[in-house]
Amino acid sequence: MKVKAIIAILLACLAVTALHATDDIVRADYRVVPLPVVNGIKSADFSLSGQCLVNYPMGNRNMERNAQFLSQYIEEITGMHLSIRPVINTQEGKGNITLALDPKISNDEGYEMLVTPRGVTIKGKTAAGVFYGIQVLRQSIPIGNAAVVYLPAAQVSSDPRFSYRGMHLDCVRHFFPVSTVKHYIDMMALHGMNRLHWHLTDDQGWRIEIKKHPRLTEVGGWRKGTILGHNSPVNDGIRYGGYYTQDEIRDIIRYAADRYITIIPEVDMPGHMVAAMSAYPELGCTGGPYEVWCMWGVTDDILCVGKDQTLRFVKDILDEVVALFPGEYIHIGGDESPRVRWQECPRCQQRIHDLGLKAHDKQSAEALLQGWFTTQVQQYLSQHGRRIIGWDELLGCDVDTTATIMSWTGAEPGARGAMLGHDVIMTPNTPLYFDHYQTKSTWNEPMAFGGCATLKMVYDFEPIAGNLPADKRHHILGAQGNVWTEYITCEPQIDYQVLPRMAALSEVLWLDPANKDYSDFKARLTHLAEIYKFYHWTYRAKSLVMENEDKAQ
Ligand code: TNX
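Residues numbered from 1 in each chain as written. Predicted model: local features only at pLDDT ≥ 70, side-chain atom pairs only at ≥ 80, totals over all residues. Heavy atoms only, no water.

Looking at this structure, how should I read the overall build of the chain?
A count of helical and extended segments in the chain gives 18 helices and 21 strands. Taken over C-alpha atoms, the radius of gyration comes to 26 Å for the chain, in line with the 24 Å a tight globule of 553 residues would show. Taking the principal axes of the C-alpha coordinates as reference, the chain spans close to 105 × 50 × 50 Å. Residues classed as buried in the chain amount to 58% of the 553 residues present. A fraction of 74% describes how many contacts in the chain between residues 6 or more apart in sequence connect residues 24 or more apart. Approximately 22,500 Å² of the chain is accessible, and the part contributed by carbon and sulfur atoms is 55%. Computed over 53 positive and 63 negative side-chain charges, the inter-centroid distance for the chain is 4 Å. (Helix = DSSP H or I, 4+ residues; strand = E, 2+ residues; numbered from the N terminus. Rg over C-alpha atoms; globule rule 2.2 N^0.38 Å. Buried < 20%, exposed > 50% of the residue type's maximum accessible area, 1.4 Å probe, protein only. Contact = heavy atoms within 4.5 Å. Areas by Shrake-Rupley, 256 points an atom, 1.4 Å probe, with all protein chains shown as cover. Lys, Arg positive; Asp, Glu negative; His and termini not counted. Charge placed at Lys NZ, Arg CZ, Asp CG, Glu CD.)

Rendered as structure tokens:
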């Protein structure tokens, strides 16, 4: 009798606990970042539980991977394990989540998610679109173990406003391991970004293995030390460097492609080349010797383009870059190239003479020489089916309009480039340099490059200048946040500079300006920050609560 009573009490306790668990209703909220269009449907919720399956079209490798991602995300967030299942007919999604392709969706990267009491369907014109729909579901589910998550019946959809949604990472000034680059890609994926501009070469290091010229990394990959503070005369004297092997690069490219991110490598030329010249001094006008630079900034030593061997060398490098990176674009830099060496170099002057380059009121002969050099590179890459991107200095060099311009010194060169017929990517240093401070009150911030780009400034950025004529607007492909790493030494510091500013940029790139609302964005950011925390990503929490950070406090 006693035993029976104890069992009864225990059972009652269990029942109460179970009841309590179901009482605690966990409900998804689709108002995520970037904000989709959410149309509620008057109907019961869909109950998402471990019994549900994730269906995907049989035989489609990308959609299978999408299904794996979704299952993994749900497991990370809720602890529920959903199996994935290939199906022949993606119409039959009853009781499950079904991923499907739908040619009727107009935008290549657009998605539609339909939630009814009977099931969830996430559709895209492409697998990339489906991936973005998956990110919405991922962000919408509350964090914490759950046996059931209720998904309100709704139609949720979005088309990105811009096709180029970029983030840049400088792996030269400081070198980051493969795992950090992959982590950066993970952060981009969560925010619906699709282009990684990977800065791989500069004065302070050469970070990409080139088999034909191994000294580039053996010698050029290492500097004697790193400056302490802002270009102070003090150097830590610690040998610093590293590089990515071609196998590692292939691995990273694949990792990014699985997340629908294309990597655009940058090999900066003819300036920012001292690391290469330290390994092969014959590439410079004076013949060196050169040392991998330990300062930040701009140096007068740039490639000698009077020598044919320089061009041959650059083409050798590009051969290997093109073989590695499958994307359409190769970034060839072109920024900050002082021409003082060229003015004094007999070979460069001879080239100017042979080409008949004549200075005029707007351009020096040396500027035209940079234009000639860039055009040689452009034509070479075009034979390989590639296009170049260059920094906005190229606008002063007579480069033809097949070159895409990255507008960094401000927004004005971008508008000017579009007027001339160039495609343009907007990355004006204010507010899209995420190596800049996030507040005017910098005393309590990790050291940054300088400047100020608050979360609100990023959110308010408009890539298309108001006065750009309608027939030129299509030239603005999108925008990009840049992370230069002179003062950024490790992964948490990258994250701090990027989060949550990347969230603001993602709304700039996805939303129609009419649908942007900063205070609404900030409210939604609270949940996004929970996700950052959940993944142990460092972020600037202050940006969630502070206002008017563009004024010194
Ligand atoms: C300018 S952006 C540079 C970089 C620096 C950056 C620091 C550009 C084309 N050149 O070399 O790292 O400023 O914010």
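What's the story with helix α11 (residues 365–383) in this structure? I'm lost.
The α-helix advances 3.6 residues per turn, and as a result positions three or four apart in sequence lie on the same side. The terminal C-alpha atoms of α11, which comprises 19 residues, lie 27 Å apart, in line with the 27 Å expected from a rise of 1.5 Å per residue. Looking one or two places after α11, you find Gly-385, whose phi comes out positive at around 75 degrees. (Expected span 1.5 Å × (residues − 1).)

Hey, could you run me through the packing of helix α16 (residues 501–510) against helix α17 (residues 518–534) in this one?
The relative placement of two packed helices is expressed as an angle between their axes plus a distance between the axes. Direction vectors running N to C along α16 and α17 enclose 125 degrees, while the axes themselves pass 11 Å from each other. One element, α16, and the other, α17, form an angle in the oblique class. In this structure, α16 crosses over α17, and the sense of that crossing is right-handed. Facing Ala-503, Ala-504 and Glu-507 of α16, the residues of α17 in contact are Phe-521, Arg-524, Leu-525, Leu-528 and Tyr-532. Classifying every residue of the contact of α16 with α17 by side-chain character gives six nonpolar, no polar and two charged. (Axes fitted to C-alpha atoms, helices over the stretch in contact; angles between N-to-C directions. Parallel < 35°, antiparallel > 145°, perpendicular 65-115°, else oblique. Left-handed = near helix turned anticlockwise from the far one by under 90°. Nonpolar A, V, L, I, M, F, W, Y, C, P; charged D, E, K, R; others polar.)

How should I be thinking about the side chain of Arg-223 in this particular structure?
Position of Arg-223 among the secondary structure elements: in strand β14 (residues 222–223). Look at Arg-223: it is buried, it has no salt bridge, and the nearest opposite charge is Asp-236 at 7.0 Å. Polar side-chain contacts of Arg-223 include one of 2.6 Å to the backbone oxygen of Arg-173. One polar contact links the side chain of Arg-223 to the main-chain carbonyl oxygen of Gln-204, over a distance of 3.2 Å. Apart from the residues within four sequence positions on either side, Arg-223 is in contact with Val-172, Arg-173, His-174, Gln-204, Arg-207, Ile-238, Arg-239, Tyr-240, Val-292, Trp-293, Cys-294 and Trp-296. (Salt bridge = Lys/Arg side-chain N within 4 Å of Asp/Glu carboxyl O. Polar contact = N/O pair within 3.5 Å; in protein donor to acceptor, adjacent residues only side chain to side chain.)

So what exactly am I meant to see when it comes to the packing of helix α4 (residues 178–190) against helix α6 (residues 246–258) here?
At their nearest, the axes of α4 and α6 sit 10 Å apart, and the two run at 15 degrees to each other. With respect to their mutual orientation, α4 and α6 come out roughly parallel. The handedness of the crossing between α4 and α6 comes out as right-handed. Taken together, the residues of α6 that come into contact with α4 (itself represented by Val-178, Val-181, Lys-182, Ile-185 and Asp-186) are Glu-248, Asp-251, Ile-252, Tyr-255 and Ala-256. Its residues assigned to classes, the contact of α4 with α6 comprises six nonpolar, no polar and four charged.

What's the story with the pattern of salt bridges in this structure? I'm lost.
When charged atoms on two side chains of opposite charge get close, those side chains can pair. Tallied over the entire structure, the rule returns 35 salt bridges. Notably, a salt bridge pairs Asp-45 with Arg-27, separated by 2.5 Å at the nearest N-O pair. Within this pair, whereas Asp-45 is found in the loop between β1 (37–40) and β2 (46–49), its partner Arg-27 is found in the loop between α1 (2–23) and β1, the two being separated by 18 residues in sequence. With relative accessibility at 19%, the residue Asp-45 sits in the buried group. Note that Glu-64 and Arg-61 form a salt bridge whose closest N and O atoms lie 3.6 Å from each other. Of this pair, Glu-64 and Arg-61 are both found in helix α2 (residues 61–78), three residues apart, which corresponds to roughly one turn of the helix. On the basis of relative accessibility, which here comes to 24%, the residue Glu-64 falls in the partly exposed class. Taken together, the shared-partner salt bridges connect Arg-31, Glu-507, Asp-520 and Arg-524 into one network.

Whenever I open this one, the packing of aromatic side chains confuses me. Can you help?
Any pair of aromatic rings gets described here by the distance separating the centres and the angle formed by the planes. For the structure on display, the rule yields 23 aromatic pairs. Ring centres 6.3 Å apart and planes at 50 degrees place the aromatic pair Phe-449 and Tyr-487 in the tilted group. Of the two residues, Phe-449 sits in the loop between α13 (429–432) and α14 (455–460) while Tyr-487 sits in the loop between β21 (476–481) and α15 (491–498), which places them 38 residues apart along the sequence. Classification of Phe-449 by relative accessible area gives partly exposed; the value is 42%. A cation sits over an aromatic face here: Arg-259 above Tyr-255, 3.6 Å from the ring centre. Sitting over the ring of Tyr-459, Lys-516 keeps its end group 5.3 Å from the ring centre. (Phe/Tyr/Trp six-rings, centres within 6.5 Å; stacked < 30°, edge-to-face > 60°. Lys NZ or Arg CZ within 6 Å of the ring centre and 35° of its normal.)

Help me out: how do you make sense of the site of the ligand in this one?
The ligand sits among Arg-173, His-272, Asp-335, Glu-336, Trp-391, Trp-408, Tyr-433, Asp-435, Phe-449, Trp-484 and Glu-486. The separation between an oxygen atom of the ligand and a polar side-chain atom of Arg-173 is 2.8 Å. One of the side-chain N or O atoms of Glu-336 is found 3.2 Å from a nitrogen atom in the ligand. Taking 360 Å² as the accessible area of the ligand by itself, protein coverage stands at 95%. The class makeup of the residues in the shell around the ligand is five nonpolar, one polar and five charged. (Near = heavy atom within 4 Å.)

I tried to follow unusual backbone geometry on my own but got confused; where do I start?
Across residues other than glycine, the phi torsion is negative in most instances, and most of the peptide bonds are trans. Of note, the amide linkage connecting Gly-288 to Pro-289 takes the cis form, showing an omega dihedral of 5 degrees. For Pro-289, the location among the structural elements is in the loop between α7 (274–279) and α8 (308–324). The omega angle of the peptide bond from Leu-499 to Pro-500 is 10 degrees, so this bond is cis rather than trans. Position of Pro-500 among the secondary structure elements: in the loop between α15 and α16. Within the chain, Asp-398 stands out as a residue other than glycine whose phi angle is a positive 60 degrees.

What exactly am I supposed to notice about the environment of Ile-389 here?
Relative to the assigned elements, Ile-389 resides in strand β18 (residues 387–391). With relative accessibility at 0%, the residue Ile-389 sits in the buried group. For Ile-389 and Gln-379, which are 10 residues apart along the polypeptide, the C-alpha to C-alpha distance reads 13 Å. Not counting residues up to four positions away in its chain, the partners in contact with Ile-389 are Ile-264, Tyr-329, Ile-330, His-331, Ile-332, Gly-333, Thr-404, Met-406 and Ile-425.

Can you walk me through the sheet that holds strand β9 (residues 154–158) in this structure?
Strand pairing in a sheet takes place through backbone hydrogen bonds and is either antiparallel or parallel in direction. Spatial ordering of the open sheet is given by β1-β9-β6-β7-β5-β3-β4, a layout of seven strands whose pairing is mixed. Edge positions in the sheet fall to β1 and β4 (83–87), since each has one partner strand and no second. For this sheet, the mean inter-axis angle between neighbouring strands, taken without regard to orientation, is 15 degrees. As defined by bridge partners, β1 adjoins β9 across four bridges and the pair is classed as antiparallel. (Pairing = 2+ DSSP bridges.)

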